[in-house]
Amino acid sequence: MAMEDPDKKTEVVLLACGSFNPITNMHLRLFELAKDYFHETGKYKVIKGIISPVGDAYKKKGLISANHRVTMAKLATKNSDWVEVDDWESSQSEWLETLKVLRYHHQKLLSPDPTNSLQNAIPLTKPGRKRKQEPNRHDPVKKKNQSPDTKSVPQVKLLCGSDMLESFGIPNLWKSEDITEIVQNHGLVCISRAGNSVQKFIYESDILWRHKNNIHLVEEWITNDISSTKIRRALRRGQSIRYLVPDVVQAYIEKNNLYSPESEDRNAGVVLAPLQKHASDSKN
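Definitions and limits used
- Within each chain, residue numbers correspond to sequence positions counted from 1 in written order.
- Thresholds applied to this predicted model are a pLDDT of at least 70 for local features of residues and 80 or more for the giving and counting of side-chain atom pairs; totals over whole chains, interfaces and linings are not thresholded and use all residues.
- In computing side-chain values, all of the structure's heavy atoms are included and hydrogens and water are not.
- Pairing between strands is defined by DSSP: at least two bridges between the two strands are required.
- Put simply, DSSP marks the helices as runs of H or I at least four residues long and the strands as runs of E at least two long, and each gets a number from the N terminus on.
- Here an axis means a line fitted to C-alpha atoms, over the contact stretch when the element is a helix, while the angle between two N-to-C directions is reported on a 0 to 180 degree scale.
- The contact criterion used throughout is that any non-hydrogen atoms of two residues lie within 4.5 Å.
- Three exposure classes are used, based on accessible area relative to the maximum for each residue type with a 1.4 Å probe and protein chains only: buried under 20%, partly exposed in between, and exposed over 50%.
- Orient the strands so they point away from the viewer, and a crossover whose first-strand-to-second-strand path over the helix runs clockwise is right-handed.
- A pair is scored as a salt bridge if a Lys or Arg side-chain nitrogen falls within 4 Å of a carboxyl oxygen belonging to Asp or Glu.
- Candidates for patches are residues over 30% relative accessible area with no salt bridge; among them, like charges are joined within 9 Å and nonpolar side chains (Val, Leu, Ile, Met, Phe, Trp, Tyr) within 5 Å.
- Per-residue and other accessible areas follow the Shrake-Rupley method at a 1.4 Å probe size, with only the shown protein chains counted as cover for residues.
- In this tally, Asp and Glu contribute negative charge and Lys and Arg positive charge; neither His nor the terminal groups of the chain are included.
- Positions of charges follow a simple convention, taking NZ of Lys, CZ of Arg, CG of Asp or CD of Glu.

Trainee: I'd like to hear about the sheet that holds strand 3 (residues 83-85), residue by residue, with values.
Mentor: On the basis of which strands lie adjacent, the open sheet formed by six strands has the order 3-2-1-4-5-6 and parallel pairing. The sheet is open, and its two borders are formed by strand 3 and strand 6 (215-220), each paired with just one other strand. Strand-to-strand, the axes of this sheet are offset by a mean angle of 25°, without reference to chain direction. Relative to strand 2 (residues 44-53), strand 1 (residues 10-18) is paired through nine bridges, and the arrangement is parallel. In the sheet register, Val13 faces strand 2, and the bridge partner there is Lys48. Packed onto the sheet, helix 3 (residues 98-110) meets strand 1, strand 2 and strand 4 (155-161) and runs at close to 145° relative to strand 4.

Trainee: Which residues make up the pairing of strand 1, and what are the values?
Mentor: Most of strand 1 is tucked away, with eight of its nine residues classed as buried. A crossover connection joins strand 1 to the parallel strand 2 through helix 1 (residues 25-41); in handedness this β-α-β unit is right-handed. The sheet contact formed by strand 1 and strand 4 spans four bridges and is parallel. Each residue of the ladder has a partner; that of Val12, found in strand 4, is Gln155.

Trainee: Give a description of the pattern of salt bridges that names residues and reports values.
Mentor: Tallied over the entire structure, the rule returns 16 salt bridges. Lys48 serves as the salt-bridge partner of Glu84, at 3.5 Å between the closest nitrogen and oxygen. Linking Glu84 in strand 3 with Lys48 in strand 2, this pair joins segments that are 36 residues apart in sequence. Here Lys175 ties to Glu97 by a salt bridge, and the two come within 3.7 Å at their closest N and O atoms. In this pair, Lys175 sits in the loop between helix 4 (162-166) and helix 5 (176-186) while Glu97 sits in the loop between strand 3 and helix 3, placing the two residues 78 residues apart along the sequence. In this structure Lys175 comes out as partly exposed when scored by relative accessible area, which is 25%. We classify Glu97 as buried; its relative accessible area is 4%.

Trainee: With reference to specific residues and values, describe unusual backbone geometry.
Mentor: A negative phi angle characterises most non-glycine residues, just as the trans form characterises most peptide bonds. With an omega dihedral of 0°, the bond running from Asn21 to Pro22 counts as a cis peptide bond. On the secondary structure map, Pro22 appears in the loop between strand 1 and helix 1. Unlike most non-glycine residues, Asn172 shows phi in positive territory, near 70°. Mapping Asn172 onto the fold places it in the loop between helix 4 and helix 5. Residue classification places Asn172 among the partly exposed positions, given a relative accessible area of 38%.

Trainee: Lay out helix 5 with the relevant residues and their values.
Mentor: Within an α-helix, residues lying three or four positions from one another point in the same direction, as the helix has 3.6 residues per turn. The buried count for helix 5 comes to eight of eleven residues, which makes it a mostly enclosed element. Two residues or fewer after helix 5 comes Gly187, characterised by a positive phi angle close to 110°.

Trainee: Tell me about a negative patch on the surface, residues and numbers included.
Mentor: On the surface, Glu32, Asp36, Glu40 and Asp81 cluster together to form a negatively charged patch. Counting through the fold element by element, Asp36 comes out in helix 1.

As structure tokens, then:
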């Protein structure tokens, strides 16, 4: 494997979308596990990880302000030499589909100085600057179509846990055409417990099965059951969260008194943005 020419490896950018309410050590471990997996194949080089916290318009119960969530994520990654936080998604006034965030980051790699606008969140088919792409809308530029020595644009893959993958099955949460474009044009990297039912879930979905070669399942052998929900619960009960989140995040939460029974009731009774949007779309 050491003889592999590094220039022939496909470059990968890992994008994690989610609430990060708050960011935990588990979120950071997802990146490390995925990077190890890709490097062990000998075919990929992970060049960057991006954390993109969801905007406040997502309307999830207990979601505190994006400003705090982005700040905590930046504190958590300030010592990482490859994982960074991007606040483009969280600074939008409306909730954005995950696919649009993937498209935005792909487009940003094509032309490194995008104006901060949704114009960049177009399908993969729109040619970037000085870049011709195949006319076939569903065919992203494949490395093998180019001369072996040229570096293609890095692939932006969606990094997630098994819960996000299985949320594809929740009615009205995702549009099926979005799921198709995510797995077909970008790819999924799903970290799951050994013995998890993710494979069965893929088997039971025609869309996922059709594109299963673009879904990378990474087994997590050193299991980690930390979740933001459990962290918030501990904080509401005045219990310690040390060693579950980075120390700087814990300090920030304490200093700003962030999670309380009151904050957990934010957006209570409000319908989640995607459910609202997709339900109204299906009526029209």
